[in-house]
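Each chain, letter by letter, is given below.
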Amino acid sequence: SLRIIPSASHTSSVSSVSAQQGAPSVSSVPDSLRNSGPRSVATDVNSRHPLEARLKNWDETQMNLKMEGLRRLYGAAEPIRRGMEVKMCADYKPIQLGGPSNLHKDILENRDCSIDWEDIYTGNTNVYELPEFHTELEAKCRMNW
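Residues numbered from 1 in each chain as written. Predicted model: local features only at pLDDT ≥ 70, side-chain atom pairs only at ≥ 80, totals over all residues. Heavy atoms only, no water.

Trainee: Got a sec to walk through the overall build of the protein? Specific residues and values, please.
Mentor: In terms of helices and strands, the protein carries seven helices and zero strands. Mapped in sequence order, the helices and strands of the protein form the string α-α-α-α-α-α-α. Looking at the protein as a whole, 14% of its 145 residues qualify as buried. Looking at the protein alone, contacts between residues at least 24 apart form 53% of all its contacts between residues at least 6 apart. For the protein, the exposed area adds up to about 11,700 Å²; of that, 57% sits on carbon and sulfur atoms. (Helix = DSSP H or I, 4+ residues; strand = E, 2+ residues; numbered from the N terminus. Buried < 20%, exposed > 50% of the residue type's maximum accessible area, 1.4 Å probe, protein only. Contact = heavy atoms within 4.5 Å. Areas by Shrake-Rupley, 256 points an atom, 1.4 Å probe, with all protein chains shown as cover.)

Have a look at this one:
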């Protein structure tokens, strides 16, 4: 579809029973240990804003719009090729070349001109503790016997 803005997917009502799965022996009894701890209905109601759901899906909607335009202009092969290129770039992120920030993927997704806080604060300030590039590549390709 040619949707520019993500759809409104926020919930207007909250149920305390329907979101949790029941225990295996008695399905009507909520099993809070298997469902990542006890839940509070207040956190589901108070911390959700309608804009939050739209912002969460913003990048995905923009990428779908771009791929749909490419499909209509060039055919099915172009979005498939671009999707494969993004997947190849997203699989491997060497620490010596930026670690969590993947410049190649940002270029393919047309986000190379934007700066996020993850680009500046990478988390590792000591460059002497980083593994060597070839050692990391050998470990990824399972060549370190």
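Now that the structure is up, let's keep going.
Trainee: Give me a nonpolar patch on the surface: which residues, what numbers.
Mentor: A contiguous nonpolar surface patch, about 300 Å² in accessible area, is contributed by I4, I5 and W58. Overall, the relative accessible area of 46% leaves I5 in the partly exposed class. (Patch = residues over 30% accessible without salt bridge, like charges linked within 9 Å, V, L, I, M, F, W, Y side chains within 5 Å. Salt bridge = Lys/Arg side-chain N within 4 Å of Asp/Glu carboxyl O.)

Trainee: I'd love a proper account of the pattern of salt bridges, names of residues and values included.
Mentor: Under the defined criterion, the tally for this structure stands at eight salt bridges. With a closest N to O distance of 3.0 Å, R72 and E68 form a salt bridge. Taken together, the positions of R72 and E68, both in helix α3 (residues 58-74) and four residues apart, correspond to about one turn of that helix. Overall, R72 belongs to the exposed group, its relative accessible area being 54%. Among the salt bridges present, the one from D106 reaches R111, with a minimum N-O distance of 3.4 Å.

Trainee: I'd like a description of the environment of D112, backed by residues and values.
Mentor: One can find D112 in the loop between α5 (103-108) and α6 (117-120). What makes D112 partly exposed here is its relative accessible area of 39%. The spatial distance from the C-alpha of D112 to the C-alpha of N102 is 9.8 Å, given a sequence separation of ten residues. With residues near it in sequence (within four places) discarded, D112 still touches D106 and I107.

Trainee: Now, about unusual backbone geometry: what can you tell me, with residues and values included?
Mentor: A positive phi angle is found at N110, which is not glycine, with a value near 60°. Its location among the elements puts N110 in the loop between α5 and α6. Unlike most non-glycine residues, R142 shows phi in positive territory, near 55°.

Trainee: Please set out the environment of R71 residue by residue, giving values where relevant.
Mentor: Its place among the elements puts R71 in helix α3. Sequence-distant contacts of R71, that is, excluding residues within four places in its chain, are made with A76 and P79.

Treat this as a map of the structure, not an account of what it does.
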